[in-house]
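Tertiary structure, described
Each chain is listed here by its residues.
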Amino acid sequence: MFLRALVVGSLLMSVVVAAGAAHGSGSLRYVALGSSFAAGPGVPDLKPGVPGACGRSTRNYPTLAAAAKGATLVDVTCGGATTANVLSKEQAGLPPQIQAVTADADVVTVTIGGNDVNYMGSLMAYGCQNSKAAKGRTKACPTVDRAAMLRGLNTLHERIGAVYAEIHRRAPDALVFALIYQAVLPAEGPSCAGLPLTDDQLAFERTVVARLEAATRRAARAHDVTVIDTTPITRDHGVCSAEPWMEPYVPPPGRVGYHPNEAGMAAVAELVAAYSWEQPRP
């Protein structure tokens, strides 16, 4: 715990928010794309000048990793983003994220795919349903269309692959890193109070997680993208763990349920920064 606190502190002390900055002399240009697990909603503070709906934090992993590497960061991550929001669809009044990827990009990270198949939405819907049953509330809860989610997972690798292909088209020399989503669920065993799922729901969500990872890996293999697997460092820090890096279904005020906290973001930033960002040039 003390070591993690030191890591968090050292990373935060070196943070330089450089979203939208010009490519500094001798500095790597780093573009961060993706959804909430990259943006960091609920992790204080919000970056200025960004729509609040994106939840883009000054302590998200792209910002911390860029600071650790001394890179110039262009952070266009936004909570709720799908592959369509990366490639072609506006979100929260902002243009498609891919427009931030230009030929001078050296490094691009991508955390995407979960919202295409309603991963977080289904977890929140189940939480609502089970909390309603437990507390006798009358609030209407969303339903979960498992068949639609599974159909989406069948072709998710194609949509993620289209993102990778467009990045390579725009920035042929860039290193591209695909991040596996941080662990929310316990790897085995039952759920817990902070993760109100039935055994059947937990089993289904584990299937979703496994197939989301498989789709990311399949797309990465097809498009010469390096996978950064966050699972080994986060699997023991899910919602039900003794030292969670994920907020519970009902989070503290200002936080966002089932999303990484500061320690989780710092750990992923450390992992990303541990990779070489230097692309061999001919």
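Description of the structure in this document. Not measured: the values here are computed from a predicted model.

**A short note on the side chain of N85**
Tracing the chain through its elements places N85 in helix α4 (residues 83-87). Polar side-chain contacts of N85 include one of 3.5 Å to the backbone oxygen of K89. When near neighbours in sequence (up to four residues on either side) are disregarded, N85 contacts G80, E90, Q91, P96 and Q97.

**Thoughts on the packing of helix α6 (residues 146-170) against helix α7 (residues 199-222)**
Taken N-terminus to C-terminus, the directions of α6 and α7 make an angle of 20 degrees; their axes are 8 Å apart at the nearest point. In terms of axis orientation, α6 runs roughly parallel to α7. In this structure, α6 meets α7 at a crossing whose hand is right-handed. Contact residues: α6 offers R146, M149, L150, L153, N154, L156, H157, I160, G161 and Y164, while α7 offers D200, Q201, F204, V208, R211, L212, A215, T216, R218, A219 and A220.

**Some thoughts on the state of the cysteines**
Note: disulfide means a covalent bond formed between the sulfur atoms of two cysteine side chains. Scanning the entire structure with this criterion turns up three disulfides. The residue that forms a disulfide with C54 is C78, at a sulfur-sulfur distance of 2.0 Å. Given an S-S torsion of about -85 degrees, the disulfide between C54 and C78 has left-handed geometry. With C54 in the loop between α2 (36-39) and α3 (61-69) and C78 in the loop between β2 (72-75) and α4, this pair connects stretches of sequence that are 24 residues apart.

Cut-offs applied
Residues numbered from 1 in each chain as written. Predicted model: local features only at pLDDT ≥ 70, side-chain atom pairs only at ≥ 80, totals over all residues. Heavy atoms only, no water. Helix = DSSP H or I, 4+ residues; strand = E, 2+ residues; numbered from the N terminus. Polar contact = N/O pair within 3.5 Å; in protein donor to acceptor, adjacent residues only side chain to side chain. Contact = heavy atoms within 4.5 Å. Axes fitted to C-alpha atoms, helices over the stretch in contact; angles between N-to-C directions. Parallel < 35°, antiparallel > 145°, perpendicular 65-115°, else oblique. Left-handed = near helix turned anticlockwise from the far one by under 90°. Disulfide = S-S within 2.5 Å.

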